[in-house]
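Chain residues, written in single-letter form:
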Amino acid sequence: MPKTIAITGNGAMAEAMRQINPDVVAAFPITPSTQIIEDFAKFVADGKVDTELITVESEHSAMSACIGASVAGGRVMTATSSNGLALMWEMLYIAASMRQPVLMTVVNRAISAPINIHCDHGDSMGARDAGWIQFYAENNQEAYDNMIMAPVIGENMEVRLPVMVCMDGFIISHSIETMEIEEDQKVRDFIGEHTALNSLLDTDNPVTWGALDLHDYYIEHRRGQQEAMYRAKSVIEDVSMRFGEEFGRKYDLFESYCLDDADRVVVAINSVAGEIKEVIDELREQGEKVGLLKIRLFRPFPYAEIAQALKGCKIVTVMDRSTSMGAYGPLFSEISNALYDAEAKPLLYNRTYGLGGRVMLLDDIKDVFKESEEYLNNGKVEKMFDFLNVRGG
Amino acid sequence: MSKYFEIRWHGRGGQGTVTGAKSLAEAVQGTGKHVSAFPDYGPERRGAPLRAFDRFSDEKIRIHTPVLEPDVVMIVDPTLIGTKGLLNGVSDKTIFVVNTEKSPAETRKALGLDGQTLYTVPANSISHRLFKREIPNSAMMGAFARACPDVISLEALLEEAKHIFSHMLAPHLVDKNVEAIQCGYDEVETV
Amino acid sequence: MPKLQEMAKKEAAFSSGHRLCAGCPVPIFTKMLTRVTDYDIVVGSATGCLEVASSIFPYSAWKVPWIHTAFENAAAMMSGVETLHKVHRRKNKTDKKIKCVAIGGDGGTYDIGIQSLSAAMERGHDLLYICYDNGAYMNTGIQRSGATPLGAATTTTPVGTVVAGKQQQRKDLTRIMIAHHIPYVAQASIHNPVDLSNKIKKGIEIDGPAFLNILSPCIPGWRIAPDMAVELAGLGAETCFWPLYEVEDQNFKVNYEPKKKLPVTDWLFTQGRFRHLRDAKWSHLVQDFQTRVDQQWDWLLGRQAATK
Amino acid sequence: MKDKYRLKKWQELPPGGVITEGGNAADYETGTWRTWRPVWEEKNCIHCLTCWVFCPEGAFLLRDGKTPSGKDRKEIRKIDYFYCKGCGLCVRECPVNKKGAKEVIQFVREET
């Protein structure tokens, strides 16, 4: 039986790590992800896991040690946030290109400068092209569930890619919420044993990892890596279905909330989806045909499936909690790509919100729907791109 | 008014207010309710005024926004009385639970309350008596059970607290804290 | 030389067909890695000449398991490998005793990699870190590093009319590593294969972290003929620019004391990168160079006397 | 050999750019880099292995042999010109060459 408990998002991720019981964890503390590693260090100290914890001196070394241990043939994990993820940037690409199924929680936090410890998605969105599978979560339950699925997906022989499980800093990481933790044994059975591939510690079959590719091979290796991402999508569908059968919580590539007959749709990522659902319920009671498409999987991005899900809606507001300076938000760009081939294109526009932890209250969400109603009534989008909740407009 | 039962805690950094809000949520969760608890995070350290929030419900809680219209305001540090923001968003029905040695009448006046229900509890004295230092959380939790028995009964709170504290504290401190809850409950005054 | 006879019985860790410069002495020590010990070894390299020239896809010169990921992280990367081996040993997944070796040039070690090196040593991994010091970023075309000696001409410290080569003395990384109080720190050179192989063996086999700094002349970077690497390395030891010594548990041992210490000019003036120093205009640089070498040598003899 | 190193399609490559055959650089000819050629004269060689230990290319091949007093030893067999880049380090460092009376390794220009 699963155990219903009230636990912080960080605590839930530490629990997932305890249950996964990886061979090696290499990590460096950074707010707001620190507690994950602190809790995990306690598990190590109490002998509750078999893991070796490497308390490295930087996030760059954390990911370097993770890659080393992974190539050596182990299941490895870490956690980070914000500038820590930025410091890993070089190694993120290397983990992915070397096809190492490293598992990492990213507790989303704004990137400096100015320094800010609160939530936005600038960190993980900045790493969206690194070649990692990226999951996003509305709450601690989803973050935990995604992490339980992560090794099964990343270590699949058709995939062999690192997996990043993202959740909102403080909003989720530091909040206690009610959730269900599954039984250790059941989780371990679901995940199964890790299989090494061309292990560096197999000294009888010496392999060379990280060779120099020139123009005669680099593009072929990249092509193969892209294929692994394509294949990951169906593996994720399979694993999510198996997870649903096993644990009763059903996950698709994205979540559709009141989407079927919706005229006005908001597309959003992570915790704000909770507030949006709350407002949708209220507006639905008033007869408004509003809905939410909540992103779960950002890499690989499910273009065709999302286009299908948005078929028939009349206006789409894409809410980005990060910026791509000089461009539309990262999520908007993908939704826009997804809709390019749509027969009846909905009106589409982009709103940036919540940078550096700026709170979106329920009234702010209502304003978002009010605006989309106006645009829909006028039959055109006034402002393609704008910031919400910013002084000075 | 929100469909959730919502609490706003006012305390100071280092007093354990955040832990208090979280412990109360864990206890209420133990009775089968859905809960969430979270602080307002900033760079403030020991001594700075801070807020923490609880949200309880029979159904799944989806929102993460700060509590704007609290059902209960918990004031953990008496020296906060008179500071800004304690009365933000309160209604006639809002219940106040205040850690103070002063009488309910004096406290009501100091806070500038109208008709709201007010409970006072000398949580600092209780804490000094039991722990020889100022950790008013447990007594505040006891006072909460007195103020809002429909949310959690004293019996349930004592039972859950034993369980929660045993994960956090040494055995003798678990007993002391349970005792502090009982004292907090017993020594509440109201008008 | 019986030592060479012993080594000759064993397979090299590093194959022919690599693409290092003609005359580059680096393979002298990479070949030795498996010849000096019975342990299985796994090697990780920092980005650099050796890494590039030994692993041009689909060819690898490494006959032992080998990994490269980036420039600044060889020690951190190998601490992950070493840790996983520890896990395997603990869980009885292997009965092999594998030893880990990280290799970096002076750029990847003195400069960009010093943070991860220092931390890996402090954490006590069972890991030998070998730095082959050729005194500049040779892989990218001879840019100065923290190991570049005073006065050396590099592409980022060129010789001009008012500035003659690098204006700063090199840092003494070996001494920095000694300050980590790890079980074994040594300096060796490619010209003395017996001393070199002893140190590699010790570094590999000792329990815990070890650091070995190897002087490794660079044909293009030092502007020398392709047959000159061994001779130049030897002069490094004869002038005491590069003393051969080891520090085991803080006990200092000088492995080679020249009968007559040669002036540094014997070393400097056989290299194109110092050619300009012959001009009397820069004689103060030569003097400063000699002073530093003398101080360093005196310090070393003093440490040896103190720990005897 | 030719097929082994033909340029492969992306589907044929193992994941992550790994090279699964250790030391296969030995299939790569570096002897083409040479403009000068060391020529080893067995009759003067004392088999001290100095050339062998210093040769960066591993181009000095060994064989089993005996010392004049009959003990087992490894001896120089030949120079493998498939690898020798002609750096001349062996010529310079040969201790017999250094003494100057006899020459074990000569250095001659490659014929054009």
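See the structure shown above.
Keep in mind that this is a model prediction, so the values were computed, not measured.

K.L.:
Which parts of the structure should I look at to understand the overall build of chain D?
P.N.:
Within chain D one finds 3 helices and 4 strands. Reading chain D from its N terminus to its C terminus gives the helix and strand order β-α-β-β-α-α-β. Relative to a compact globule of 112 residues, whose C-alpha radius of gyration would be 13 Å, chain D shows 18 Å and is clearly more extended. Viewed in the frame of its principal axes, chain D has a C-alpha envelope of about 60 × 40 × 20 Å. When contacts within chain D are restricted to residue pairs at least 6 apart in sequence, long-range pairs at least 24 apart make up 60% of them. Total accessible area computed for chain D in this model is approximately 6,200 Å², and 51% of it derives from carbon and sulfur atoms. Each charge sign in chain D was given a centre, from 21 positive and 16 negative side chains, and these centres are 3 Å apart.

K.L.:
Is there a simple way to think about the interface of chain C and chain D in this case?
P.N.:
By a widely used convention, the size of an interface equals the accessible area lost when the partners come together. Listed as interface residues are 37 residues of chain C and, on the opposing side, 35 residues of chain D. Carbon and sulfur atoms make up 63% of the surface buried where chain C meets chain D, a total of about 3,000 Å² over both sides. There are 2 salt bridges connecting chain C and chain D. Measuring nitrogen to oxygen at the nearest pair gives 2.9 Å for the salt bridge that ties Arg92 of chain D to Glu231 of chain C. For the side of chain C that touches chain D, the secondary structure elements donating two or more residues are helix H1 (2-8), helix H2 (26-32) and helix H9 (229-238) of chain C.

K.L.:
Even after reading the chapter, I still don't get the interface of chain A and chain C, so can you show me in this structure?
P.N.:
At the junction of the two partners, chain A supplies 42 residues and chain C supplies 42 residues. Buried area between chain A and chain C, both sides added, is near 3,200 Å², and the carbon and sulfur share of it is 62%. Between the two partners, chain A and chain C, sit 5 salt bridges. Between Glu52 of chain A and Lys86 of chain C there is a salt bridge, with the nearest N and O atoms lying 3.9 Å from each other. Joining chain A to chain C, the criterion identifies 18 residue pairs in polar contact (both at pLDDT 80 or more). For the side of chain A that touches chain C, the elements supplying multiple residues, two or more each, are strand S3 (52-55), helix H3 (59-71), helix H4 (82-97) and strand S9 (208-209) of chain A.

K.L.:
Just checking my understanding: could you explain helix H9 (residues 272-285) of chain A for this structure?
P.N.:
Every α-helix carries 3.6 residues per turn, so stepping three or four residues along brings you back to the same face. Residue and element names in this part refer to chain A. Over its 14 residues, H9 extends 20 Å from the first C-alpha to the last, a length consistent with the 20 Å expected when each residue adds 1.5 Å. With 10 of 14 residues buried, H9 is to be regarded as a mostly interior element. Structurally, H9 contributes buried residues whose contacts are with strand S7 (163-168), strand S10 (254-257), strand S11 (264-269), strand S12 (290-295), strand S14 (315-320) and helix H12 (362-378). Just beyond H9, the residue with positive phi is Gly287, at close to 90 degrees.

K.L.:
Whenever I open this one, the sheet that holds S10 of chain A confuses me. Can you help?
P.N.:
Two pairing modes exist for strands in a sheet, parallel and antiparallel, and in both the strands are linked by backbone hydrogen bonds. All names here are of chain A. Read across the sheet, 6 strands follow the order S10-S12-S11-S14-S15-S16 without closing on themselves; strand pairing throughout is mixed. Strands at the two margins of the open sheet, each flanked by one partner only, are S10 and strand S16 (385-387). In this sheet, adjacent strand axes meet at a mean angle of 20 degrees when their direction is disregarded. Both S14 and strand S15 (residues 347-352) contribute to a ladder of 6 bridges, which runs parallel. By the bridge assignment for S15, Val316 is matched with Leu348. Across the sheet, H9 touches S10, S11, S12 and S14, and the angle it forms with S12 is around 165 degrees.

K.L.:
For this particular structure, what's the right way to read a nonpolar patch on the surface?
P.N.:
Residues Leu355, Phe387 and Val390 of chain A make up a contiguous nonpolar surface patch of roughly 200 Å² in combined accessible area. Note that Val390 of chain A resides in the segment after S16.

K.L.:
Which parts of the structure should I look at to understand the pairing of strand S4 (residues 72-75) of chain B?
P.N.:
A regular strand places its side chains so that they alternate between the two faces of the sheet. Residues and elements named next belong to chain B. Burial along S4 is two-sided: Val72 and Met74 and Val73 and Ile75, pointing in opposite directions, are all buried. Examined bridge by bridge, strand S1 (residues 5-12) and S4 share 4 bridges and lie parallel to one another. Residue His10 lies in a different strand from S4, and its bridge partner there is Ile75. Sheet analysis places S4 next to strand S5 (residues 95-99), joined by 4 bridges and oriented parallel. Paired with Val73 across the bridge in S5 is Phe96.

K.L.:
Just to check I follow, could you spell out empty space enclosed by the protein for this structure?
P.N.:
Unoccupied space between atoms shows up once a probe the size of one water molecule is rolled over them. Residue and element names in this part refer to chain D. Taken as a whole and judged by the stated rule, the model has 9 cavities of 30 Å³ or more. A volume near 90 Å³ is recorded for the largest cavity. Lining the largest cavity are 14 residues, with Cys55, Phe60, Cys84, Cys87 and Cys90 sitting closest to its centre.

K.L.:
Teacher, can you tell me more about the nonpolar core here?
P.N.:
Side chains of nonpolar character tend, in soluble globular proteins, to be buried together. Ranked by size, the top nonpolar core spans 174 residues in total, and within it Met63, Trp132, Ile133 and Ile335 of chain A carry the most contacts. If you count residues domain by domain, this core takes at least three from each of domain 1 (3-247) and domain 2 (254-387) of chain A. By size, the runner-up hydrophobic cluster in this structure holds 64 residues, among which are Ala53 of chain C together with Ile79, Val91 and Cys94 of chain D.

K.L.:
What am I meant to see in the pattern of salt bridges here?
P.N.:
It is possible for side chains bearing opposite charge to pair when their charged atoms get close. All names here are of chain A. Inspection of the entire model under this criterion finds 66 salt bridges over all chains. Salt-bridge contacts for Glu180 lead to Arg249; the nearest nitrogen and oxygen are separated by 3.2 Å. Residue Glu180 is found in strand S8 (residues 176-181), and its partner Arg249 is found in the loop between helix H8 (218-247) and S10; the two are separated by 69 residues along the sequence. Overall, Glu180 belongs to the partly exposed group, its relative accessible area being 30%. Arg249 sits in the buried class, given a relative accessible area of 14%. Ionic contacts of the salt-bridge type, sharing partners, join the residues Glu138, Glu142, Glu255, Lys277 and Lys294 into one network.

K.L.:
Any chance you could explain the side chain of Asp126 of chain C here in plain terms?
P.N.:
Residue and element names in this part refer to chain C. Mapped onto the secondary structure, Asp126 falls in the loop between helix H6 (114-123) and strand S4 (127-133). By relative accessible area, which is 14% here, Asp126 ends up buried. In terms of polar contacts, Asp126 uses its side chain to reach the backbone amide nitrogen of Gly208, at 3.1 Å. Ignoring any residue separated from it by four or fewer positions in sequence, one finds Asp126 in contact with Glu82, Lys97, Lys99, Cys100, Ile206, Asp207, Gly208 and Pro209.

K.L.:
Teacher, can you tell me more about the environment of Gly357 of chain A here?
P.N.:
Residues and elements named next belong to chain A. Position of Gly357 relative to the elements: it lies in the loop between S15 and H12. Measuring from C-alpha to C-alpha, the distance between Gly357 and Gly169 comes to 8.5 Å, with 188 residues separating the pair along the chain. Gly357 has contacts with His118, Cys119 and Arg321, leaving out every residue within four places of it along the chain.

K.L.:
Would you take a moment to explain H3 of chain A for this structure?
P.N.:
Residues and elements named next belong to chain A. With 13 residues, H3 should cover 18 Å at 1.5 Å per step; its first-to-last C-alpha distance of 18 Å lies within 8% of that length. The buried count for H3 comes to 13 of 13 residues, which makes it a mostly enclosed element. One side-chain oxygen at the N-terminal end of H3 lies 3.3 Å from the backbone nitrogen of His60; it belongs to Ser58. Gly73, located one to two residues past H3, shows a positive phi value of around 115 degrees.

Parameters and conventions
- Residues numbered from 1 in each chain as written.
- Chains lettered and ligands numbered in written order.
- Predicted model: local features only at pLDDT ≥ 70, side-chain atom pairs only at ≥ 80, totals over all residues.
- Heavy atoms only, no water.
- Helix = DSSP H or I, 4+ residues; strand = E, 2+ residues; numbered from the N terminus.
- Rg over C-alpha atoms; globule rule 2.2 N^0.38 Å.
- Contact = heavy atoms within 4.5 Å.
- Areas by Shrake-Rupley, 256 points an atom, 1.4 Å probe, with all protein chains shown as cover.
- Lys, Arg positive; Asp, Glu negative; His and termini not counted.
- Charge placed at Lys NZ, Arg CZ, Asp CG, Glu CD.
- Buried area = accessible area lost by both parts, 1.4 Å probe.
- Salt bridge = Lys/Arg side-chain N within 4 Å of Asp/Glu carboxyl O.
- Polar contact = N/O pair within 3.5 Å; in protein donor to acceptor, adjacent residues only side chain to side chain.
- Expected span 1.5 Å × (residues − 1).
- Buried < 20%, exposed > 50% of the residue type's maximum accessible area, 1.4 Å probe, protein only.
- Pairing = 2+ DSSP bridges.
- Axes fitted to C-alpha atoms, helices over the stretch in contact; angles between N-to-C directions.
- Patch = residues over 30% accessible without salt bridge, like charges linked within 9 Å, V, L, I, M, F, W, Y side chains within 5 Å.
- 1 Å grid on protein atoms, 1.4 Å probe; cavity = no way out; pocket = protein on both sides within 12 Å on 5 of 7 lines; lining within 4 Å.
- Points joined across faces, edges and corners; volume = space filled by probe spheres on them.
- Core = buried A, V, L, I, M, F, W, Y, C linked by side-chain atoms within 4.5 Å.
- Domains from an automatic or database assignment.

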